[in-house]
Amino acid sequence: MLISLDPELYGIIGLSLKVTLTALFFAALTGIPLGVVLALKRFPGRSILMNIVNSLMSIPPVVVGLVVYILLSNQTGLVGDHRLLFTPTAMIIAQFLLALPLMMGLTSTAILSIDKLVKLTAKSLGATPFQVALKVVSEARFGLYSAMIVVFGRLLSEVGAVMMVGGNIRYMTRVMTTAIALQKGMGEFQTALALGMILLLMAFLINGILEILRNYGRAS
Amino acid sequence: MDILKIENLTKVYNGKTVLDIPKLNIEAGKITAIIGPSGAGKSTLLSLINGIEKPDTGSIFFENEEFSKIKSFSPATIRRMALVFQKPVMFNASVYNNIAYGLKIRKMDKTLIGQKLTDAASFLGLSDLLDQKAITLSGGEAGRVSVARAMVIKPDLLLMDEPTANLDPANVAIIEDMIKKATQIYQTTVVVVTHNMFQAKRLADNIVFMLNGQVVSEGCAFDIFENPLDQRTQAFITGNMIY
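Remember, it's a predicted structure, so these values are computed and weren't measured experimentally. (Residues numbered from 1 in each chain as written. Chains lettered and ligands numbered in written order. Predicted model: local features only at pLDDT ≥ 70, side-chain atom pairs only at ≥ 80, totals over all residues. Heavy atoms only, no water.)

Some points on the overall build of chain A
For the record, the criterion: Runs of E in the DSSP output that reach at least two residues are strands. Runs of H or I that reach at least four are helices, and both are numbered from the N terminus. When checking whether two residues touch, look at their non-hydrogen atoms; a contact exists if any pair is within 4.5 Å. Only the protein chains shown count as cover for residues, with accessible areas throughout obtained via the Shrake-Rupley method and a probe of 1.4 Å.
A count of helical and extended segments in chain A gives ten helices and zero strands. Mapped from its N terminus to its C terminus, chain A presents α and β elements in the order α-α-α-α-α-α-α-α-α-α. Taken along the three principal axes of its C-alpha coordinates, chain A extends 65 × 45 × 25 Å. Restricting to contacts in chain A with at least 6 residues of sequence separation, those with at least 24 account for 72%. Looking at chain A as shown, the accessible area adds up to about 11400 Å², and 72% of this sits on carbon and sulfur atoms.

Shown next as structure tokens:
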């Protein structure tokens, strides 16, 4: 399939990567700082918030898909006027919401695993609260790379939410996982399996890149 | 002149008063050793001076700036101090970047950092280790790095919590030599917590002897060691205090 250079297949692979990586990017951009605050700051309601985040880490994707569907639907949705439903943007929004608590939770776990003396040592050497936070994040960098690998894996293999808000429209919102589900539904097991293999290969390549990044961080 | 003035300072943990100091002054440009048995409140006192913890009552004045339960030291004042912890924690980076940390966060010029690092490293026998990953160092090397990391920023007040505990005599000698040099060359005020009387004798100009959260006696090292007026102090320095 890959060798036959089927443009439709490459479109599907491209969209899968685009949706997953964009959602991962925004989830890291917001989830890492929020996770750091959650781990380092003492504020009222912190433990409740931590509980909520931890619970949301295991939220079923279809529930996220459903909520985003309702929000974006032009009959019932708060933001229905933007006509985002069944577009890649809707899929990115759903995946972002799925990834955010995971990113926050894994980030705070990584930060909390760092020896408290790291924070105190930085502080005692004159670091401002922001510089202390940066130091702790830098010490927790391997944990953060791992968090990204986990979140990426979850997003790439996710099917429920993207199916619900994307609709699996050919040439528009079809991604690897929804294509596999469709092929299976049509009884095309061979194609479905081949797509599955390609998905696995993609995961292998991206994880390889993240792993190189992680080792690079360890060496520096 | 006194760099630190402590007034009516108390700290309570779980209903127990672990520190109660009505008055204590620390002389500028001198080495003051805080001695006493474990649990005397020595480390708590250092944490309070460094602002890591807040007192329950009373104040600490750094020159004229007040630190209390409701008042914090300004960032500029905090940057005039450095604390070396008993357990040397290495950042997961090279030895160079560990020692340079305090200078980097002060946004010092890179060339200047390089010069200061070379000096500090040669003083403490760390020149060959600069490129090594700090987490692979031995205990003695890590101890020296943690002292270098604090000294390189040339603080006006250097606080040290048992900086040589668990180190071999060679490393102890290097660190003690460095502490003396800091005071002689840069007029750094050093407050060093130790339960090792011999170290206090070798290093200190002034002695503060603490017991059960209180200052039992304080004064010039010579007087305290040669002519201790207080019986408990005498028992401690002669090694007759069982604790």
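Still to come is the rest of the account.
Here we look at the overall build of chain B
The criterion, for reference: Just to be clear, the radius of gyration here is over C-alpha atoms, and the globule rule we use is 2.2 Å times residues to the power 0.38. The cut-offs for exposure are 20% and 50% of the maximum accessible area for each residue type, with area from a 1.4 Å probe on protein chains only; residues under the lower value are buried, those over the upper are exposed, and the others partly exposed. Counting rule applied: Lys, Arg positive; Asp, Glu negative; His and chain ends not counted. Throughout, a charge is located at the NZ atom of Lys, the CZ atom of Arg, the CG atom of Asp or the CD atom of Glu.
Regarding its fold elements, chain B presents nine helices and ten strands. Taking 243 residues into account, the globule formula puts the C-alpha radius of gyration at 18 Å, and chain B, at 18 Å, falls close to it. Along the first, second and third principal axes, the C-alpha atoms of chain B reach 50 × 40 × 35 Å. Across the 243 residues that make up chain B, the buried fraction comes to 54%. Excluding contacts between residues fewer than 6 apart, the proportion of contacts in chain B whose partners are at least 24 apart in sequence is 65%. When the accessible surface of chain B is split by element, carbon and sulfur atoms take 50% of a total near 11000 Å². Counting 26 positive and 25 negative side-chain charges, chain B places the averaged centre of each group 6 Å from the other.

Considerations on the packing of aromatic side chains
What counts is decided by this rule: A pair of Phe, Tyr and Trp rings is counted when the ring centres sit within 6.5 Å of each other, with Trp represented by its six-membered ring. The angle between the planes then sorts it: under 30 degrees is stacked, over 60 is edge-to-face, the rest tilted. Two conditions define a charge located above a ring, namely a distance within 6 Å from the ring centre to NZ of Lys or CZ of Arg, and an angle within 35 degrees of the ring normal.
Evaluation of the coordinates by the stated rule reveals six aromatic pairs over all chains. Aromatic side chains Phe62 of chain B and Phe73 of chain B sit 6.2 Å apart centroid to centroid with 75° between the ring planes, which places their arrangement in the edge-to-face category. Taken together, the positions of Phe62 of chain B in strand β4 (residues 57-62) and Phe73 of chain B in the loop between β5 (65-67) and α2 (75-78) put the pair eleven residues apart, joining distant regions of the chain. In this structure, Phe62 of chain B and Phe73 of chain B share a single accessibility class: buried. The aromatic ring of Phe91 of chain B is capped on one face by Lys135 of chain A, whose charged end is 4.4 Å from the ring centroid. Against the face of Tyr186 of chain B rests Lys154 of chain B, its NZ or CZ located 4.5 Å from the ring centre.

Notes on the confidence of the model for chain A
What counts here: What pLDDT expresses is the predictor's confidence in each residue, scored from 0 to 100.
When pLDDT is averaged along chain A, the result is 90, and 96% of the positions lie at 70 or above. Confidence, expressed as mean pLDDT per element, reaches its minimum in chain A at helix α10 (residues 189-219) of chain A with 84 and its maximum at helix α4 (residues 88-112) of chain A with 96.

A look at helix α6 (residues 169-186) of chain B
Residues and elements named next belong to chain B. Going by this rule: By this rule the span expected of a helix is its residue count minus one, scaled by 1.5 Å.
Between the first and last C-alpha of α6 there are 25 Å, a value that for 18 residues agrees with the 26 Å anticipated at 1.5 Å per step. Packed against the buried residues of α6 are β3 (31-35), α4 (110-123), α5 (139-151), β7 (157-161), β8 (189-194) and α7 (197-203). Looking at the residues trailing α6, positive phi occurs at Gln187, about 55°.

Focus on the sheet that holds strand β2 (residues 16-27) of chain B
All names here are of chain B. As a reminder, the rule being used: Strands are treated as partners if at least two bridges between them are detected by DSSP. Geometry is summarised by axes, namely lines fitted to C-alpha atoms with helices restricted to the contacting stretch, and by angles between N-to-C directions that run from 0 to 180 degrees.
Strand order in the open sheet made by the four strands is β2-β1-β4-β5, with antiparallel pairing throughout. On the outer flanks of this sheet lie β2 and β5, each paired with one strand and no other. With direction set aside, neighbouring strand axes in the sheet form an average angle of 20°. In the sheet, strand β1 (residues 2-13) pairs with β4 via five bridges, with the strands oriented antiparallel. Each residue of the ladder has a partner; that of Ile6, found in β4, is Ile60. Along the sheet, helix α1 (residues 42-49) makes contact with β1, β2, β4 and β5, crossing β1 at roughly 115°.

Quick word on the nonpolar core
Rules: As used here, the term nonpolar core means buried Ala, Val, Leu, Ile, Met, Phe, Trp, Tyr and Cys residues forming a set that is joined through side-chain atoms within 4.5 Å.
One finds Leu45, Ile49, Ile60, Ile99, Met160 and Ile207 of chain B to be the most contacted residues of the largest nonpolar core, which totals 144 residues. The element contributing the most residues to this core is helix α1 (residues 7-40) of chain A, with twelve residues. If we ignore the near neighbours within four places in the chain, the residues touching Leu45 of chain B are Ile6, Leu9, Leu19, Ile21, Leu24, Ile34 and Met210 of chain B. Leu38, Met50, Leu100 and Met104 of chain A belong to the second largest nonpolar core, which has five residues in total.

Re the pairing of strand β10 (residues 214-220) of chain B
Residues and elements named next belong to chain B. Note: strand β9 (residues 206-211) against β10, six bridges, orientation antiparallel. Looking at β10, one finds that Phe209 is bridged to Ser217. The hairpin turn running from β9 into β10, its antiparallel successor, is two residues long, and Asn212 in that turn takes a positive phi close to 50°.

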